[in-house]
Amino acid sequence: MRKMFIAVFLLPLSLAAHEDTIIERNGDILLGLPIKYQPATFNESDFTLSLGRLSVTFPKCVHELFVLKGEEKIIIDASWYHEPEADGLPPYITLRTSTDTSDFGKSLLINMDTLFPVDTGFTYGIDAQEKQCILKFKPTTKSGT
């Protein structure tokens, strides 16, 4: 009976577990995001992210964070299908360095609706120098899209 209670209690928790969607890349084009965020591109050479009508070139201090070493690459994943609560996460896209999709290196969460970093308390933006860097984000709106 106790095992059944534990299984019934833990099942809803496992069903509610959240998993980000890995975003495929075709050159600079990001594949798999909802239409609301299209066209979607990430230019790794100048570190520019564009989602729909918004675009941001990351400040040099962020670009320096993502200098790749060895077999590292930039993995992009996102989450937009959860219901953001007043104190919860907005739809976000994550850039992280990794050697494979299950390895978590440095990461930066970006609000997909504003292209500003998301303060999670445990990713980029914790120390004073990183907070100063985040103040340098200047998303722009593209005209004609």
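Reading the values: rules and limits
- Residues numbered from 1 in each chain as written.
- Predicted model: local features only at pLDDT ≥ 70, side-chain atom pairs only at ≥ 80, totals over all residues.
- Heavy atoms only, no water.
- Disulfide = S-S within 2.5 Å.
- Helix = DSSP H or I, 4+ residues; strand = E, 2+ residues; numbered from the N terminus.
- Buried < 20%, exposed > 50% of the residue type's maximum accessible area, 1.4 Å probe, protein only.
- Phe/Tyr/Trp six-rings, centres within 6.5 Å; stacked < 30°, edge-to-face > 60°.
- Pairing = 2+ DSSP bridges.
- Core = buried A, V, L, I, M, F, W, Y, C linked by side-chain atoms within 4.5 Å.
- Contact = heavy atoms within 4.5 Å.

1. Section: the state of the cysteines
- Evaluated as defined, the whole model comprises 1 disulfide.
- Linked covalently through their sulfurs, Cys61 and Cys133 form a disulfide whose S-S length is 1.9 Å. Residues Cys61 and Cys133 are joined by a disulfide whose S-S torsion is about 90°; by sign, that bridge is right-handed. Of this pair, Cys61 sits in helix α2 (residues 60-65) while Cys133 is found in helix α3 (residues 128-134), placing the two residues 72 residues apart along the sequence.
- Taking the relative accessible area as the measure of exposure, Cys61 reaches 23% and is therefore partly exposed.
- Using a relative accessible area of 2% as the deciding quantity, one classes Cys133 as buried.

2. What to know about the packing of aromatic side chains
- Here the structure, examined in full by the defined rule, presents 5 aromatic pairs.
- Centre to centre, the rings of Phe47 and Phe66 are 5.6 Å apart; their planes meet at 40°, and the pair counts as tilted. One end of the pair, Phe47, is in the loop between β4 (40-43) and β5 (48-51); the other, Phe66, is in the loop between α2 and β7 (73-79), and 19 residues separate them in sequence.
- Under the relative-accessibility criterion, Phe47 is labelled buried at 1%.
- Pairing Phe58 with Phe137 gives two aromatic rings, centres 5.4 Å apart and planes at 55°, and the pair type is tilted. In this pair, Phe58 is assigned in the loop between β6 (54-57) and α2 and Phe137 in the loop between α3 and β10 (140-141), connecting sequence segments 79 residues apart.

3. Quick look at the sheet that holds β7
- An order of β1-β7-β8-β9 is seen for the 4 strands of this open sheet, with the pairing classed as antiparallel. Whereas interior strands pair on both sides, the edge strands pair on one side only; in this sheet they are β1 (21-22) and β9 (107-111).

4. So, the nonpolar core
- Counting 26 residues, the largest nonpolar core has Leu30, Leu33, Phe42, Leu49, Leu51, Phe58 and Ile93 as the members making the most contacts within it.
- Looking at this core, the elements with two or more residues in it are β4, β5, β6, α2, β7, β8 (92-98) and β9.
- A total of 3 residues in this core trace back to one element, the largest contributor, which is β7.
- Ignoring anything within four residues of it in the chain, the contact list for Phe58 reads Phe42, Phe47, Leu49, Leu95, Ile110 and Phe137.

5. With respect to the pairing of β7
- A large share of β7 lies buried, amounting to 6 of its 7 residues.
- In this structure, β1 lies alongside β7, joined through 2 bridges in antiparallel fashion. Of the residues in β7, the one forming a bridge with Ile22 is Asp77.
- Bridge count for β7 against β8 is 7 bridges, and the pairing is antiparallel. Along β8, the bridge assignment pairs Ala78 with Ile93.

6. Focus on the pairing of β9
- Buried residues dominate β9, accounting for 5 of its 5 residues.
- Residues Ser107, Leu109 and Asn111 point to one face of β9 and Leu108 and Ile110 to the other, with burial holding for every one of them.
- In terms of strand pairing, β8 meets β9 through 5 bridges, oriented antiparallel. Each bridged residue has a counterpart across the sheet, and for Tyr92 the counterpart in β9 is Asn111.

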